[in-house]
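Now for the letters of each chain:
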Amino acid sequence: MRWALPVSLLGALLFGACGDDDDGAAESGLQFADRGPISGDAGRGSFSFGVATAATQIEDENPDTDWYLWTAPQPEGLGNGVFVGDASRGYTMAIDDVQLISDLALDVYRFSVEWSRIEPRRDEVSEAGLAHYDALIDALLDADIAPMITVHHFSSPVWVDDPRVATCAAPSDENLCGWAHPQGADEIVDELAEHARLLAERYGDRVDDWATVNEPVNYLLAAYGVGFFPPGRTLLIPNFPAFIDTVRNYLRAHVAMYEAIMEADTIDADGDGVAAHVGFTLNTIAWRPSRDNALSDRPEDLAAVDRITYAYHHLFVDSLVHGGFDADLDGVREESHPDWQGKLDWLGVQYYSRNGVSSEPPLIPVLDLMVCFGDFDLGSCVAPDDPTHWVPAMRYEYWEPGIYEILLDFAQRWPDLPMTVTESGLATENGRRRAEHVVRSLEQIHRAAEAGVDVRGYYHWSLYDNFEWAEGYEPRFGLYHVDFETYERTATEGADVLAEIARERRISDEQLQTYGGLGPMSPEEE
Ligand code: IFM
């Protein structure tokens, strides 16, 4: 690692394990740096604490999203999964909820703007929708919380790809036929870029941090690969080339949004000298070779890990760093896209689990492997019977060192790319377990920073319990518990501990002893 020694020293200075306070008395615990810009040299060595949500998962009163139609009971909707309904009432309670973030002493709030609220019908812009997010942004700034906007987080207006239409022949204003349709996708790329431009024009005087898309691989797999998310397309196995088209089209959309935001957001809201920092957020997993629900050392399983790491972690970012696309996933970018190159100021890293991979039985085309994904597990999960780290509501394993390992891998592969952990969370009903998750994740991120990785923040997922997509309301990710009868929000032990850490910019020795380390976590039920 060419940067390892000097940057390690810088990291140790900014993220020391101990130091002296103003009186010269020795301080203990793990120190975090002050907040700063998410990209650019000025932000190097800074660290921001934040929290993240997404519009569909928290907002009430929105029948115009594909998710509402997808989950609403028949005959009005399609009746898939649990009805999103009023989610956590995060639309009508948005301004009051800012106090919750303020009570956590956080620097940043990452939220998404619901596209269908701004453009419920194609080219029909809702002033009421725009004004809602104006008010939210103003309230955040009044509380000294920097807003970060995610433009596209798993949900679209129905007119982008109507889930009621199984085969969409030709795009129209009512139905653009989705990301796999050759002409429709071109129009969606343009529409999404126009939407991003509108947001940047409207909010750019107060917002500098932009994430174009959230977890592209997960989104496309769920919505276009296996059909768990609207519009419910299942291309992965029968038509892999068409699935890869959706990946290429989504990359094009990122680039078009990047350019639109850069052009439209010309005001430096926070005085760091940069008007817009544009990135996207990537889902990551600590992949492990695994067979018969145990770790495996077979070479063919190790090779399967390499293949999935490339497709899942590296493909999307490599395409933007190098300006090319590897459509057949053979490691060679046979398509040249020079206009994509460098269209990434920062990378959001999102980590939740360690998952198993084996070469058999091969299920996923081209990659030729099997992964452990909850109900799709055919014996390749790593530790399903280990209750100390198993997350029952999500059917995966939380493994603390994973985030450290991934940050180091990315820093070596993309040494000039600043990173922020834009999501980290645990589905648990146990507040102590959440506090353990917070402290242990931060310990690993701190370790990476000390090793010289340019990692600039930690945003917990999520502010309060919300709608977990196809999993409904059972998994609870909230720092605040939500009573779904009254919508009352109540701080968990996780919220208390994160607030103390963010306020002090330090994990104390006592917190390390109580919550930290690598051992068994508190049982899910106490
Ligand atoms: O709830 C999701 C979020 O929308 C995207 N990242 C993972 C979270 C937890 O599963």
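Everything below is about the structure printed above this text.
Residues numbered from 1 in each chain as written. Predicted model: local features only at pLDDT ≥ 70, side-chain atom pairs only at ≥ 80, totals over all residues. Heavy atoms only, no water.

A separate point is the site of the ligand. The ligand sits among Gln57, His153, Phe154, Asn214, Glu215, Tyr352, Met394, Glu423, Trp461, Glu468, Trp469 and Phe477. Between the ligand and the protein, one listed contact pairs an oxygen atom with a side-chain N or O atom of His153 at 2.8 Å. Here an oxygen atom of the ligand and a side-chain polar atom of Trp461 are 3.3 Å apart. Starting from 280 Å² of accessible surface for the ligand in isolation, the protein chains cover 94%. (Near = heavy atom within 4 Å. Polar contact = N/O pair within 3.5 Å; in protein donor to acceptor, adjacent residues only side chain to side chain. Areas by Shrake-Rupley, 256 points an atom, 1.4 Å probe, with all protein chains shown as cover.)

Before going further, it helps to examine the state of the cysteines. Under the defined criterion, the tally for this structure stands at two disulfides. There is a disulfide in this structure between Cys168 and Cys177, and the S-S distance comes to 1.9 Å. Judged by the sign of its S-S torsion, about -50°, the cystine formed by Cys168 and Cys177 is left-handed. Of the two residues, Cys168 and Cys177, both sit in the buried class. Across the disulfide, Cys372 is cross-linked to Cys381 (sulfur-sulfur distance 1.9 Å). (Disulfide = S-S within 2.5 Å. Buried < 20%, exposed > 50% of the residue type's maximum accessible area, 1.4 Å probe, protein only.)

Judged by how many residues are buried, helix α8 (residues 216-225) sits mostly within the fold: eight of ten residues are covered. Every buried residue belonging to α8 is among Pro216, Val217, Tyr219, Leu220, Ala222, Ala223, Tyr224 and Gly225, and all of these are buried. Against β6 (146-152), β7 (209-214), α9 (240-264), β8 (277-291) and α10 (299-322) lie the buried residues of α8. The first or second residue beyond α8 is Gly227, which carries a positive phi of 80°. (Helix = DSSP H or I, 4+ residues; strand = E, 2+ residues; numbered from the N terminus. Contact = heavy atoms within 4.5 Å.)

Of all five residues in strand β4 (residues 48-52), five are buried; the element is thus mostly enclosed. Both faces of β4 are covered, namely the face carrying Ser48, Gly50 and Ala52 and the face carrying Phe49 and Val51. Pairing analysis gives five bridges linking β4 to strand β17 (residues 455-461), with the strands arranged parallel. For Val51, the partnering residue across the bridge sits in β17 and is His460. Pairing between β4 and strand β5 (residues 108-112): three bridges, direction parallel. (Pairing = 2+ DSSP bridges.)

It is worth spelling out unusual backbone geometry at this point. Of note, the bond from Gln74 into Pro75 is cis; its omega dihedral lies within 30 degrees of zero at 5°. Cis peptide bonds are those with omega within 30 degrees of zero, and the linkage from Glu360 to Pro361 qualifies with -10°. Looking at where Pro361 falls in the secondary structure, it is placed in the loop between β12 (346-358) and β13 (370-371). With a phi close to 55°, Leu329 is a non-glycine residue in the positive phi region. When you line up the elements, Leu329 lands in the loop between β10 (324-325) and β11 (335-336). For Tyr487, which is not glycine, the phi dihedral falls at a positive 65°. Take Tyr487: its relative accessible area is 11%, and that puts it in the buried class.

On the surface, Asp496, Glu500, Glu504 and Glu510 cluster together to form a negatively charged patch. It is helix α13 (residues 493-504) that provides the largest number of residues to the negative patch, a total of three residues. Mapped onto the elements, Glu500 comes out in helix α13. Residue Glu500 is classed as partly exposed on the basis of its relative accessible area, which comes to 42%. (Patch = residues over 30% accessible without salt bridge, like charges linked within 9 Å, V, L, I, M, F, W, Y side chains within 5 Å. Salt bridge = Lys/Arg side-chain N within 4 Å of Asp/Glu carboxyl O. Lys, Arg positive; Asp, Glu negative; His and termini not counted. Charge placed at Lys NZ, Arg CZ, Asp CG, Glu CD.)

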